[in-house]
Amino acid sequence: MEPAIVVEGFRKTYGDVVAVDGIDFIVAPGEVFGLLGPNGAGKTTTLECLEGLRFPTAGRLRVRGIDPAREPRRLRDVTGVQLQTSGLPETMRVDEAMRFFCAYHERAPRWDLLERFGLQERRRIEYGTLSTGQQRRLALALALVNDPPVVFLDEPTAGLDVATRAELHALVSELRERGVALVLATHDMAEAEKLADRVAILLAGRIVASGTPRALTAAASDLTRVSVRSELETLATRSTPYPGVSRQLRNDGYDVFFTDAIGPTVAAILRTLEEASDPLIDLRVERPSLEERFLELTSAGAAA
Ligand code: ATP
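All of the points below concern the structure found in this document.

Basis of the calculations
- Residues numbered from 1 in each chain as written.
- Predicted model: local features only at pLDDT ≥ 70, side-chain atom pairs only at ≥ 80, totals over all residues.
- Heavy atoms only, no water.
- Helix = DSSP H or I, 4+ residues; strand = E, 2+ residues; numbered from the N terminus.
- Buried < 20%, exposed > 50% of the residue type's maximum accessible area, 1.4 Å probe, protein only.
- Contact = heavy atoms within 4.5 Å.
- Areas by Shrake-Rupley, 256 points an atom, 1.4 Å probe, with all protein chains shown as cover.
- Lys, Arg positive; Asp, Glu negative; His and termini not counted.
- Charge placed at Lys NZ, Arg CZ, Asp CG, Glu CD.
- Polar contact = N/O pair within 3.5 Å; in protein donor to acceptor, adjacent residues only side chain to side chain.
- Expected span 1.5 Å × (residues − 1).
- Arc of directions from axis to C-beta.
- Salt bridge = Lys/Arg side-chain N within 4 Å of Asp/Glu carboxyl O.
- Axes fitted to C-alpha atoms, helices over the stretch in contact; angles between N-to-C directions.
- Parallel < 35°, antiparallel > 145°, perpendicular 65-115°, else oblique.
- Nonpolar A, V, L, I, M, F, W, Y, C, P; charged D, E, K, R; others polar.
- Near = heavy atom within 4 Å.
- Pairing = 2+ DSSP bridges.
- Phe/Tyr/Trp six-rings, centres within 6.5 Å; stacked < 30°, edge-to-face > 60°.

With that settled, the discussion passes to the overall build of the protein. A count of helices and strands for the protein gives ten helices and 13 strands. Seen through its principal axes, the protein has C-alpha atoms that stretch 75 × 45 × 35 Å. For the protein, buried positions account for 45% of its 304 residues. In the protein, once contacts between residues fewer than 6 apart in sequence are set aside, the share between residues at least 24 apart is 67%. Total accessible area on the protein stands at roughly 14,800 Å², and carbon and sulfur atoms take up 50% of it. Side chains of the protein carry 37 positive and 44 negative charges; the gap between the two charge centres is 5 Å.

Next up on the list: the side chain of E31. Tracing the sequence through the fold places E31 in the loop between β2 (17–27) and β3 (32–36). Reaching out from E31, the side chain makes a polar contact with the backbone nitrogen of A28 at a distance of 2.9 Å.

Compared with the 22 Å implied by 1.5 Å per residue over 16 residues, the 23 Å span of helix α6 (residues 162–177) between its first and last C-alpha is a close match. For α6, the complete set of buried residues consists of T164, L168, H169, L171, V172 and L175. Buried residues in α6, looked at end-on, bunch into an arc of 160°, giving them a common side. Exposed positions of α6 whose direction lies more than 90 degrees from the buried face are V162, A163 and E177. Positioned one or two residues after α6, G179 has a phi angle of 90°, which is positive.

What follows concerns the pattern of salt bridges. Per the counting criterion, the structure on display carries 24 salt bridges. Its salt-bridge partner being D67, residue R70 comes within 3.4 Å of it at the nearest N-O pair. According to the relative accessible area criterion, D67 is buried, its value standing at 15%. Among the ionic pairs, E191 bridges to R165, the shortest N-O distance being 3.9 Å. Of this pair, E191 sits in helix α7 (residues 189–195) while R165 sits in helix α6; the two residues are 26 residues apart in sequence, bridging distant segments of the chain.

What follows deals with the packing of helix α5 (residues 132–143) against α6. The N-to-C vectors of α5 and α6 enclose an angle of 10°; their axes lie 10 Å apart at closest approach. As summarised for this structure, α5 and α6 are arranged roughly parallel, according to the angle between their axes. From α5, G133, R136, R137 and L140 reach across to α6, where they touch T164, E167, L168 and L171. Class assignment of the residues belonging to the contact of α5 with α6 gives a composition of three nonpolar, two polar and three charged.

In the vicinity of the ligand, the contacting residues are Y14, V17, A19, P38, N39, G40, A41, G42, K43, T44, T45 and R54. Contact between the ligand and G42: an oxygen atom at 2.8 Å from a main-chain N or O atom of the residue. Computed on the free molecule, the ligand has an accessible area of 630 Å², of which 63% lies beneath the protein chains in the complex. For the shell around the ligand, the secondary-structure elements that each account for two or more residues are β2 and α1 (43–50). Of the residues forming the shell around the ligand, the biggest block, three residues, is contributed by α1. Of the residues assigned to the shell around the ligand, the class counts are five nonpolar, five polar and two charged.

What follows deals with the sheet that holds strand β5 (residues 79–82). Overall, mixed pairing links the six strands, which are arranged β5-β6-β7-β3-β8-β9 in an open sheet. Taken across any chain shown, the strands that pair with only one partner, and hence form the sheet edges, are β5 and β9 (206–211). Recorded for the sheet is a direction-independent mean angle of 15° between the axes of neighbouring strands. Judged from the four bridges that link them, β3 and strand β8 (residues 198–203) form a sheet pairing that is parallel. What sits directly across from F33, in β8, is R198. The strands touched by α1 are β3, β6 (150–154), β7 (181–186) and β8; relative to β6, the strand with the most contacts, the crossing angle is about 150°.

Within this structure, the stated rule accounts for three aromatic pairs. Between the aromatic rings of F25 and F33, the centroid separation amounts to 4.6 Å while the plane-to-plane angle is 15°, which identifies the pairing as stacked. Just as F25 is buried, F33 falls in that class too. With 4.9 Å between their ring centres and 65° between their planes, Y242 and F257 make a pair best called edge-to-face. Pair noted here: Y242 is in the loop between β10 (224–230) and β11 (245–251) and F257 is in strand β12 (residues 254–259), with a separation of 15 residues, a long-range link.

Quick look at the structure:
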């Protein structure tokens with residue numbers, strides 16, 4: 001299958017500032033690709049070059065076979081862009097924004113999208129008076145007016161409440177199922193872990209790790225954490241070591257075990273509690289998250 005996006009040896013400098021220092025990735029149709037990184041890592045620069053808003057200093061970019069720098073009109077037909085801030089005038093009404101975007105794409109207004117994004121009732125309201133969640137939903141609706149096969153999302157859920165965030169996540173999954181390729185720039189690791197099929201972690205303009213969120217977290221040196229709270233707190237008194245556990249500590253009323261063998265560790269914990277007639281209050285098993293992997297990589301990068 002033809003990739004939706006190809007990035008090869010991409011580099012972008014602003015004067016002396018190297019924003020992106022030679023990166024490569026491809027995105028397939030129907031794939032959500034997460035571009036992760038701390039502030040200033042080069043995520044927005046990468047998106048903006050793919051969107052044809054800025055020009056690469058070197059390298060090759062293709063979006064559905066189109067060179068964004070050379071064919072902006074063709075690019076416009078195949079891409080949808082939800083920007084970090086929509087750039088809409090505060091006093092522009094929702095229906096005016098819809099007409100404006102559709103005129104830009106030479107289409108009749110897509111009132112169906114306002115309906116679908118729960119904005120039908122708000123169509124006479126000015127952009128500046130919408131809630132943050134409504135503004136974000138409008139930005140996404142406007143990004144989809146041309147039914148684009150490629151969609152760019154820059155921090156799509158920053159500042160949203162839990163319910164609105166979940167709604168947007170459902171929309172992203174729906175687009176992906178329809179075969180849309182999505183590039184998601186974010187520093188929200190939980191979001192990336194949930195939504196992205198593959199991610200690349202950008203640090204100072206370079207990709208320091210890439211792959212599926214699962215593969216990346218599996219590569220983390222952090223072990224699985226088992227946290228246990230019991231009534232009589234007898235776990236630390238066991239004379240033999242817990243199987244698989246390389247580190248054990250007390251934290252906030254919990255005994256915390258770092259293990260590479262969850263099953264035997266948990267079994268031994270339960271056995272110990274039973275033998276001591278110590279009632280279990282809480283037991284949590286936490287795999288290392290993408291966030292921990294990210295912090296590990298970024299702190300290694302910062303130290304280098
Ligand atoms: P954020 O999450 O804060 O948006 P980012 O990962 O998107 O960060 P970029 O905005 O792409 O990062 O910035 C990458 C680097 O390029 C930063 O050092 C930034 O200061 C620099 N930069 C971005 N735009 C310009 C510009 N127009 N002129 C000069 N330097 C710039």
